[in-house]
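Results of the structural survey
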Amino acid sequence: MVRDNQPGPRPQQRKSPQPLKPLTPDRLGNIALAYLARHAASCAHFAAVLARRIDRADQRGLAPDRPALEAKAATLVANACQQGLIDDAALAQSLLSRYQREGRSMRIIKQKLAEKGIAADLAAQAIAGMIADTSAEAHDHQAARRFAERRRLGPYRLTPARDPDRQVQRDLGALARAGFSRAASVAALASTGEDEVE
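Residues numbered from 1 in each chain as written. Predicted model: local features only at pLDDT ≥ 70, side-chain atom pairs only at ≥ 80, totals over all residues. Heavy atoms only, no water.

**Observations regarding the overall build of the protein**
Let me state the cut-off plainly: Under the DSSP-based scheme used, a helix requires at least four consecutive residues in state H or I and a strand at least two consecutive residues in state E, with every element numbered from the N terminus. Between the two quantities, the radius of gyration covers C-alpha atoms and the globule rule is 2.2 Å times the number of residues to the power 0.38. Burial classification: accessible surface area is computed with a 1.4 Å probe over protein chains only, and a residue below 20% of its type maximum counts as buried, one above 50% as exposed, and the rest as partly exposed. A contact between two residues is defined here by any heavy atoms of the two lying within 4.5 Å. All accessibility values rest on the Shrake-Rupley procedure with a 1.4 Å probe; residue burial counts only the protein chains present in the view. Positive charges are assigned to Lys and Arg, negative charges to Asp and Glu, while His and the chain termini are left out of the count. To locate a charge, take NZ of a lysine, CZ of an arginine, CG of an aspartate or CD of a glutamate.
Within the protein, the secondary structure is distributed over nine helices and zero strands. If you list the helices and strands of the protein from N to C, you get α-α-α-α-α-α-α-α-α. The C-alpha radius of gyration computed for the protein amounts to 25 Å, which surpasses the reference 16 Å derived for 198 residues by more than 25%, pointing to a less compact arrangement than a globule. The principal-axis extents of the C-alpha atoms in the protein amount to approximately 70 × 65 × 25 Å. Relative to its full complement of 198 residues, the protein shows a buried share of 35%. Counting contacts in the protein only where the partners sit at least 6 residues apart, residues at least 24 apart contribute 66% of the total. Of the roughly 13,300 Å² of accessible surface on the protein, 49% is carried by carbon and sulfur atoms. Treating the 31 positive side-chain charges of the protein as one cloud and the 22 negative ones as another, the clouds have centres 10 Å apart.

**A short note on helix 9 (residues 182-190)**
Keep this limit in mind: It is the directions from the helix axis to the C-beta atoms whose arc is reported.
Those residues of helix 9 not exposed but buried are A184, S185, A188 and L189. Looking straight down helix 9, one finds that the buried residues subtend no more than 130° of arc, so they occupy a single side. Exposed side chains of helix 9 directed beyond 90 degrees from the buried face belong to R182 and A190. Contacts from the buried residues of helix 9 go to helix 7 (136-151) and helix 8 (164-177).

**Remarks on the packing of aromatic side chains**
Applied cut-off: Stacked, edge-to-face and tilted are the three classes for Phe, Tyr and Trp ring pairs, Trp counted by its six-membered ring, which pair at centre distances within 6.5 Å; planes under 30 degrees apart are stacked, over 60 edge-to-face, the rest tilted.
Under the criterion given, the structure shown has two aromatic pairs. Taken together, a centroid distance of 5.8 Å and an interplanar angle of 50° make the contact between F147 and F180 tilted. Separated by 33 residues along the polypeptide, F147 in helix 7 and F180 in the loop between helix 8 and helix 9 bring together distant segments of the chain. Classification of F147 as buried rests on a relative accessible area of 7%.

**Topic: the packing of helix 4 (residues 88-102) against helix 5 (residues 106-115)**
The condition is simple: Lines fitted to C-alpha atoms define the axes, with helix axes restricted to the stretch in contact, and inter-axis angles between N-to-C directions lie between 0 and 180 degrees. Helix crossings get a hand from a simple test, with the near helix turned counterclockwise from the far one by less than a right angle marking a left-handed crossing and a clockwise turn marking a right-handed one.
Following both chains from N to C, one finds helix 4 and helix 5 inclined at 145°, their axes separated by 11 Å at the closest point. By crossing handedness, the relation of helix 4 to helix 5 is classed as right-handed. In contact with A92, L95, L96 and Y99 of helix 4, helix 5 contributes I109, K112 and L113.

Encoded structure:
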């Protein structure tokens, strides 16, 4: 307890913020290498990241030579793709296996790959390789079961629902929002919950 006649703790003085540094081509190169060291990216996604960085610096008045920065960004993207620092095919396979483990629908998988900058033909090849032994419909049925199990929907629910009909509708809605067809959703909710998901 601090009394009125005793001084309290000193208020901490705030440090003045560091002045923002201008974005130069060399600094952009360092930023790009640091980004690639931390994140897996496709060529298109990497180009978009660098373009956003240049735009942000330009909006703040920190890009004195924007054409030089854009040229440097194009060179960085081309070099990273040619030298193998960025491999779209490997990224597509990695993302596919992750999304498959998560129980994502085929529609959502295609959408997510497009968001990551994977070309449509490369995504189609990777998906074809993934479902070579099964059909896309069979994949969606398995993924819907995995999704229902992970989210504890339908037969995977730990406690019984008070209003089963309403709960089935809610579960179907959750599966539909996750991108599953009605048939895959109904099949996932109709499973016994003891089925082994491959």
